[in-house]
Amino acid sequence: EKILIGNQPPAISNLTILRDGIPVDQIKSLNSGGQLNYTLEVTIHDFDGISSVQAKIGRLAPIGQSEVWKLMSDDGIGPDRVSNDGVFSLSFSARSSLSEGEMTLLIRATDIFLSTTAEQDQQHNVSITKSDSSESGSSWISSNSTAIILISLVSLLTMGVGSFINIVRNSELD
């Protein structure tokens, strides 16, 4: 007689994209060139234990690696914030060559009995937008940086002129 033991594949939930440790709703790609760094986090649940978690991030991967499955980690090193918490992480950079729109990422997990996340559960959509600024949130200082610089320069110039006048008055020139 055979005994059939059912094994549920790992479940993927809570896809989160972080920039500088802060969750963001969309990935920004700079118009002016350069790149912005992000971390992709997903929570994986499986009663048997996780063997591996991988992501295929398409155009977000380094050039030439768009079809490569990247290993995600839960070791508390690099982009992963807490070791063995069931949240797996992967860092990536958004290049300026990325176009705006929706993009599908594939994430799969395999448990210790080699049961893998079903294909229909691997797909996750993210949104990419173009931006002129790398600011994640503008502060008063960054918004007014030009005015601050101009005021500082005028203040330094005024102090320099005042010092020069004071030196000329106190000199013994006849």
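Residues numbered from 1 in each chain as written. Predicted model: local features only at pLDDT ≥ 70, side-chain atom pairs only at ≥ 80, totals over all residues. Heavy atoms only, no water.

Points about the overall build of the protein
This is how the line gets drawn: Labels follow the DSSP assignment, with helices taken as runs of H or I lasting at least four residues and strands as runs of E lasting at least two, numbered in each case from the N terminus. Between buried and exposed lies partly exposed: a residue is buried under 20% and exposed over 50% of the maximum accessible area for its type, with that area taken using a 1.4 Å probe on protein chains only.
What the protein contains, in helices and strands, is 2 helices and 9 strands. When the elements of the protein are put in sequence order from the N terminus, they spell out β-β-β-β-β-β-β-β-β-α-α. With respect to the three principal axes, the spread of C-alpha positions in the protein is 120 × 35 × 25 Å. Here the protein, with 174 residues, has 31% of them falling under the buried criterion.

Section: the side chain of Asp46
So the rule is basically this: In this count, Lys and Arg are taken as positive residues and Asp and Glu as negative ones, while His and the chain termini are left out. Whenever a carboxyl oxygen of Asp or Glu lies within 4 Å of a side-chain nitrogen of Lys or Arg, that contact is scored as a salt bridge. Nitrogen and oxygen atoms within 3.5 Å of one another constitute a polar contact, given that in protein one can donate a hydrogen and the other can accept it, and given that sequence-neighbouring residues count only through two side-chain atoms.
In this fold, Asp46 is placed in the loop between strand S4 (35-45) and strand S5 (50-56). This buried residue, Asp46, is left without a salt bridge; Arg108 holds the nearest opposite charge, at 14 Å. A polar contact is formed between the side chain of Asp46 and the backbone nitrogen of Asp48, at a distance of 2.8 Å.

Comments concerning unusual backbone geometry
One non-glycine residue, Asp20, adopts positive backbone phi at about 55°. Considering the arrangement of structural elements, one finds Asp20 in the loop between strand S1 (11-19) and strand S2 (22-24). In this structure Asp20 comes out as exposed when scored by relative accessible area, which is 62%. With phi around 55°, Asn84 is a residue other than glycine that occupies positive phi space. Positionally, Asn84 belongs in the loop between strand S6 (70-71) and strand S7 (87-95). On the basis of relative accessibility, which here comes to 67%, the residue Asn84 falls in the exposed class.

Just geometry here; none of it tells us what the structure is for.
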